[in-house]
Amino acid sequence: MFGKVFTAFLGESYTHPFFNTFAKLSLAAKNIVQLFNFNQSTSPSSVKEFPLKMAEAALSCVSVILNKILPLAADEISRAWGVKKDLQKLSKKVEMMEALISDAKCKQSTSKAVQLWLKRLQSIARDAEIVLDDFGYEVLRQKVENRKCDKVRNFFSSSNPISFRLEMANKIKNVSASLEEAYREANQIGIHPVQLTMASADHKEDRLTVPFVDESEMVGREVEVSRVVSMLISSDHKKKLPVISIVGMGGQGKTTLAQLVLKNENVTKHFDKKIWVCVSDDFKVERLLNEMLQSLGEKNVETTNREALVTRLQENLNGKSYLLVLDDNWNDNREKWDGMRSCLLEIGGAPGSKILATTRSDEVASSMQTSDLHHLDILSDDHSWMLFEKLAFADGGAKKTQDLVDIGRRILKRCGGVPLAIKVIGGLLYSKKNASEWLTIEKSEIWNESTNIANGVISVLKLSYENLPSWSVKQCFASCSIFPKDAEMEKQSLIQIWMAQGLINDAKGGGGHLQMEDIGSEYFNVLLRSSLLQAGYKNFFNEIVFCRMHDLVHDLSLQVSNNRFFNTEDDMEVSHHDEVMHLTIIGSQRKVLKNIEGIPPNLQMLYYLGGDGIMFKDILERSRYLSVLKVDGWHVTHLPNSVGNMKHLRHLDIRRTGITALPDSITKLYNLMTLKVLYLEEIPKKFSNLINLRHLEFLEIHLDRCLFPGIGQLANLRTLPHFVVSQDKGCQLEELEHLRNLGGELEIFGLENVSSFESAAKAKLSKKSSIQGLRLSWNGTKEDCDDNNINSVMEGLQPHPGLKSLAINGFEGSRYPSWMVAKDHLMVLLRNLVDIELRGLGKCEQVPPLGDLPCLESLEMTSLHNVKRIGAEFYGLLTHLDINARTSASCSSSSREAKPITLFPKLSRFVLEDMGSLGEWSDAMVPSDSSSSIKVFPNLRYLRICRVPKLAALPDMENLTSLVQLSIQRCGSLACLSNLNSLTSLESLYLDDCPALESLCLKSLTSLAKLKIWGCGSLACLSNLNSLTSLESLILSDCPALLDASLDMKNPQSLSELTILECDKMNPSLSNNLEKFTSLEELRIRSRDPGCWAKGLHHLANLRSLVLGGFSDDLDHFPWPDSIINVASDDAKDSTMQRLISLERLELCGWPKITSLPDQIQHLSTLRTLEIWKFEGLEVLPEWMGSLRNLGQLGIADCSNLRQLPSAEAIRHLTNLNYLWINSCPLLAKRCTNGSGAEWPKIAHIPRVEIH
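Fair warning: this is a prediction, and the values are worked out from it, not measured in the lab.

> I'd love a proper account of the overall build of the chain, names of residues and values included.
A count of helical and extended segments in the chain gives 32 helices and 45 strands. Residues counted as buried form 56% of the 1252 residues belonging to the chain. Sequence separation of at least 24 residues holds for 63% of the intrachain contacts in the chain that already meet a minimum separation of 6. Accessible surface computed for the chain: about 50600 Å², of which carbon and sulfur atoms make up 48%.

> Just give me the short version of the sheet that holds strand 3 (residues 322-329), but keep the residues and values in it.
Ordered in space as 2-3-4-1-5, the five strands form an open sheet in which the pairing is parallel. Only two strands of the sheet have a single partner each, and these edge strands are strand 2 (273-280) and strand 5 (372-375). Each strand axis lies, on average, 15° off the axis of its neighbour in the sheet, ignoring direction. Examined bridge by bridge, strand 3 and strand 4 (residues 354-359) share four bridges and lie parallel to one another. Residue pairing across strands places Leu-324 opposite Ile-355, the latter belonging to strand 4. Here helix 6 (residues 222-233) sits on the sheet in contact with strand 1 (243-247), strand 3, strand 4 and strand 5, set at roughly 170° to strand 5.

> How would you summarise the packing of helix 9 (residues 285-295) against helix 11 (residues 334-347) if you had to cite specific residues and measurements?
Orientation of helix 9 relative to helix 11, taken along the N-to-C sense of each, is 35°, at an axis distance of 10 Å. Seen along the crossing, helix 9 lies across helix 11 with a hand that is right-handed. Between helix 9 and helix 11, the contacting residues are Val-285, Leu-288, Leu-289 and Met-292 on the first element and Lys-336, Gly-339, Met-340, Cys-343, Leu-344 and Ile-347 on the second. Residues of the contact of helix 9 with helix 11, tallied by class, amount to eight nonpolar, one polar and one charged.

> Before we move on, can you summarise the environment of Trp-1184 with the specific residues and values?
On the secondary structure map, Trp-1184 appears in the loop between strand 42 (1169-1173) and strand 43 (1193-1197). For the pair Trp-1184 and His-1163, spaced 21 residues apart in the sequence, the C-alpha separation amounts to 9.3 Å. A polar contact of 3.2 Å, which involves the side chain of Trp-1184, links it to the side chain of Asp-1159.

> Summarise the sheet that holds strand 10 (residues 546-548); cite the residues concerned and give the values.
Taken together, three strands build an open sheet; the order of strands is 6-10-9 and the sheet is antiparallel. The sheet is open, and its two borders are formed by strand 6 (489-490) and strand 9 (534-535), each paired with just one other strand. Where strand 9 lies against strand 10, two bridges are found, and the strand directions are antiparallel. Bridge pairing links Gln-534 to Arg-548 in strand 10.

> Any chance you could break down the environment of Glu-860 for me, citing the residues and the numbers?
Along the chain, the position of Glu-860 falls in strand 25 (residues 858-862). As a C-alpha pair, Glu-860 and Leu-912 span 52 residues in sequence and 6.1 Å in three-dimensional space. Sequence-distant contacts of Glu-860, that is, excluding residues within four places in its chain, are made with Ile-836, Glu-837, Leu-838, Arg-839, Arg-909 and Val-911. A distance of 2.9 Å separates the side chain of Glu-860 from the side chain of Arg-839, its partner in a polar contact. Here the side chain of Glu-860 touches Arg-909 through a polar contact of 3.5 Å, side chain to side chain.

> Could you give an account of the pattern of salt bridges, naming the residues involved and the relevant values?
Throughout the structure, instances matching the rule amount to 45 salt bridges. Between Glu-389 and Lys-400 there is a salt bridge, with its nearest N and O atoms 2.2 Å apart. One end of the pair, Glu-389, is in helix 13 (residues 381-392); the other, Lys-400, is in the loop between helix 13 and helix 14 (402-413), and eleven residues separate them in sequence. For Lys-400, a relative accessible area of 48% puts it in the partly exposed group. Between Glu-442 and Arg-410 there is a salt bridge, with its nearest N and O atoms 2.7 Å apart. Here Glu-442 is found in helix 16 (residues 435-442), whereas its partner Arg-410 is found in helix 14, with 32 residues between them in sequence. A relative accessible area of 15% places Glu-442 in the buried class. Judged by relative accessible area, Arg-410 falls into the partly exposed class, the value being 39%.

> Please give an account of the nonpolar core that cites residues and values.
In terms of nonpolar packing, the biggest core is built from 191 residues, with Leu-733, Phe-874, Phe-910 and Leu-1000 touching the most fellow members. Residue assignment places this core across two domains, with domain 4 (713-832) and domain 5 (1144-1251) each supplying three or more. Of all hydrophobic cores here, the second largest spans 70 residues; its members include Leu-379, Phe-477, Met-549 and Tyr-607.

> So, the packing of helix 14 against helix 16: which residues are in play, and what are the values?
At a minimum axis distance of 10 Å, the contact between helix 14 and helix 16 shows a crossing angle of 15°. In this view, helix 14 runs roughly parallel relative to helix 16, as classed from their interaxial angle. Here the hand of the crossing between helix 14 and helix 16 comes out left-handed. Here Leu-404, Ile-407, Gly-408, Arg-410 and Ile-411 of helix 14 come into contact with helix 16, specifically with Ala-435, Trp-438, Leu-439, Ile-441 and Glu-442.

> Can you tell me about helix 16, naming the residues and giving the values?
Residues of helix 16 that are buried include every one of Trp-438, Ile-441 and Glu-442, and no others. One side of helix 16 carries all its buried residues, which in axial view fall inside an arc of 100°.

> Lay out the packing of aromatic side chains with the relevant residues and their values.
The full count for this structure, using the stated rule, is 23 aromatic pairs. Aromatic pair Phe-910 and Trp-921: ring centres 5.8 Å apart, planes at 85°, arrangement edge-to-face. Linking Phe-910 in strand 28 (residues 909-913) with Trp-921 in strand 29 (residues 920-921), this pair joins segments that are eleven residues apart in sequence. Of the two residues examined, Phe-910 and Trp-921, each falls in the buried class. Summarising the aromatic geometry, the rings of Trp-1173 and Trp-1221 are spaced 5.8 Å apart at their centres and angled 65° between planes, so their arrangement reads as edge-to-face. A residue pair is termed long-range when its members are at least 10 positions apart, and Trp-1173 in strand 42 and Trp-1221 in strand 44 (residues 1219-1223) qualify at 48 residues. Put simply, the rings of Phe-874, Tyr-875, Phe-904, Phe-910, Trp-921 and Phe-937 pair up and form one aromatic cluster. Against the face of Tyr-625 rests Arg-624, its NZ or CZ located 5.7 Å from the ring centre.

What counts and what doesn't
Residues numbered from 1 in each chain as written. Predicted model: local features only at pLDDT ≥ 70, side-chain atom pairs only at ≥ 80, totals over all residues. Heavy atoms only, no water. Helix = DSSP H or I, 4+ residues; strand = E, 2+ residues; numbered from the N terminus. Buried < 20%, exposed > 50% of the residue type's maximum accessible area, 1.4 Å probe, protein only. Contact = heavy atoms within 4.5 Å. Areas by Shrake-Rupley, 256 points an atom, 1.4 Å probe, with all protein chains shown as cover. Pairing = 2+ DSSP bridges. Axes fitted to C-alpha atoms, helices over the stretch in contact; angles between N-to-C directions. Left-handed = near helix turned anticlockwise from the far one by under 90°. Nonpolar A, V, L, I, M, F, W, Y, C, P; charged D, E, K, R; others polar. Polar contact = N/O pair within 3.5 Å; in protein donor to acceptor, adjacent residues only side chain to side chain. Salt bridge = Lys/Arg side-chain N within 4 Å of Asp/Glu carboxyl O. Core = buried A, V, L, I, M, F, W, Y, C linked by side-chain atoms within 4.5 Å. Domains from an automatic or database assignment. Parallel < 35°, antiparallel > 145°, perpendicular 65-115°, else oblique. Arc of directions from axis to C-beta. Phe/Tyr/Trp six-rings, centres within 6.5 Å; stacked < 30°, edge-to-face > 60°. Lys NZ or Arg CZ within 6 Å of the ring centre and 35° of its normal.

Don't take any of this as a statement about function, it's just geometry.
Quick look at the structure:
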């Protein structure tokens, strides 16, 4: 998910008399507007009033001001304007205010005068912020206009009139005077400077290790997971779409339990679709239906039309059983639930679909007419201690001593067995190293507020918040409340927003100069370690990309922010209020705000969510002081020119819009630090004026042209995902030279336009230590470039040794650069590489030596068409042998002992694809005169070899003991696979289109769960197939020679899926053993001998899906065993007869001679989906089809003579039928023409009809 919107807290407003004459420049008081519709009267918050104390708010405000003053005072322009000394004096007064606030913090709860003083101080600080921002903007503007000069612009420049400078100097002095007055007032009411106990915006060095427990490692809930799973897969529920509810108090782990249930293997097999929707207190049917679509993979429909949403869901869920999880439901209004339920029933889906709800309230569960209820209990003492230990005593945390264990157990009792409280307190105590610190936590007065378990959880959260290491971190936590509950928050966006709000600043720590991003990352880790944030998705480098916030923690963030959010929705009246500083406008198409005039003119942050952009321009024209602007709405296609007036804007996120061009006025946003767009057709000519830009994120779709000429002038840039080299001015590779701080991932396209080593080296990639991922791409070569030129260009592109990911695409040189193959003191230069991708290297005749890369985890080599052999050079073996030889020579003869050699020590994923010339892949062999032992690929888990037509054999697989998945496709010369029996960890084996393969030995593959062999025409022997005791899925297709393959399995109950297509020589074995596969759920058979399956089919009571066909064209009937029926026992002709009681899907493939369907199908009462193919002799569908009452989907294809459906009465009996498709049935298609066909009246009521 993209990052959302952001804000920080500043307290109530006070207009200081010194600023009355400058009211037009003053910002309104800061406040936060939440991202979602939060109504205090209906909020699920169980947090008591716990405001961010006024002193803390004032201290944060003052700290932001101090962060702005210091760089301005140091700037040369401040001296030229004659305000340098004034700024320095102001800085000292602000520092004195910090000392006063520390004393006020202790007195604010008992003194009304102190509270009023703090409110006044916040007002002064906020007005000062605007003055400093205006001054800072002018400083940046001067720098832009004077970049081509070596001196500061003339003092009397027309672009910098003296009146502005005098006015600015006067305002700075007025701010200083206001602070002096506040200082005198403080003394009068008994506030005195004290030594600061905690800096408000200082940088506190912090350990970056994060001991959070993976959410999947839930402690003590195994039995409860099993219990809920049993409820879900049970067939006892008579009611359509039954509801199973998990009820428990906040923080008890309801959501995590639901997540574990959703991942359970039995649940995954039982339901065709799984849908997750977070309900919270915003129970709107249209929103929930929309989120169901998004959970199914659809884009936001952006419609509130309930009928349209239901139709879209019908298309997705027709004939499919689904599990809908409604997480964190607060709605106890029966009418609202009935509205939602009626939509769900109309959507349909297959019988057996269920709803799993989580809620804190029995009343909510009752209003949903819950069929099964599970009350989540607290953790036992033992399980509580297990969870606590994992956190508090994790590596890098407190040392486990008896004293700490005793104190910890006493503190743990206060947590009441609630997992969230245990995680938070464990994370807090992790950073406390000695018993005295633990005792301080144990004796905290906050525990006195706890009267029950629920209050105990809140007390733990408060403790964690109070113990955050700085005011800045507290403010960063408070700003997270802008996100909706259960939202995924993007880590980098979160940090960038803190930067835009002035909550973090560049600093000098013990390790040297630290960037804002580094400090923000440490703040993030502090919140993560405190369990106030929870880690979400991680990337390939195991770095956190997204995070979440628990509901109760979100409630706390609202409380410490004083709940000052303002959010408007469709047709809602906006009331102008001086304190509103952060506004979220939630709209939809064709609906607008009633009174746009009510929008506060001094907003600091605006989140425009949804809607069609009708009022977007008007809103922006009233919002000149924004520092953060985020727009989400694909119907917003234009960014108005008025955005150029927002000189305070630092963060602009329009990724989720239809905007493809930026107005010229955007180049006036000199303060802009972050710009996020989806893609751009064009950019303004003066884009390089954005000299403060640090992060530019966009999707590059024009790889043939340079979109950002002159980008090298943006020296502060840290994020640049793509750069296209061209011959145009400002688009040469040397533009990257001055971007010294570039980090993250960088793709460079158009390298065919670089002609020499010197030109390539100008990019200075080797100096860019923050770049983690680098992709180098060529698109052909220039006519005047010979091989030496191409190779030299690659030499000049040497990256920094710290690079983690390298991709090379389309390189046309004949040799690899020295930085990929050379050794520095016998060690590789790029030893930190984790991921390598080589693609389209058409002239290289060898693969590079990569075996000695110690960190390499993923390797992909594709389309290296000139490589004929993979030999010893690939493994880097000679280097290791050389090292051993040197070591041995330096040792005495008595101590000479060769070290074991490990090649590709960490490689876990290896892909070899489209290697048209590769004919040999040899083992890593040690010379006979060496005593060294070797091990290759010890940690390889995934190996894929595809489209390597000349490769006759693979290297020995003896060392691949960690391999889990092996896939070999379209390798026409591959004749054997040796030592498969060594793959003891192999779980999946896939062989496709390997016509030379004659035999396969599957001995000792005890972990193999999935075996798929497709199109191996010469494969005759599949020995030891029956020894695969863990096999769950077996697919054998188009292997006509396969004879020696016994299906007499040692553990037939493990098999749940069996497919045998066009393998007729296996028919006897199939016929003799089919009845043993009693756990089989899916069966597909295509064979010319119907006897291979008829004998044992009636034993398969768990069978859910059956596909049959491909039998002899000589038969005039479909061979369906008479014994197979599925009816209630009182209707059965023989109650002792075994039946297909679970069959839900049936697909039959016929042939020309068949004129009817098997009558026995009418007894399959559980059938939900029926597909009929190639019944060319069939003219009329039988009347008995009306007895298939549960049928939801009917498909008919390639039935050229079919012209008539069952009668209208029979079709009316199919009350669950909601999807009918007809394909390549010309007679029937004509008769089913919408409105005019003879058969149309029979099917007009079916929600979804498709005829092709």
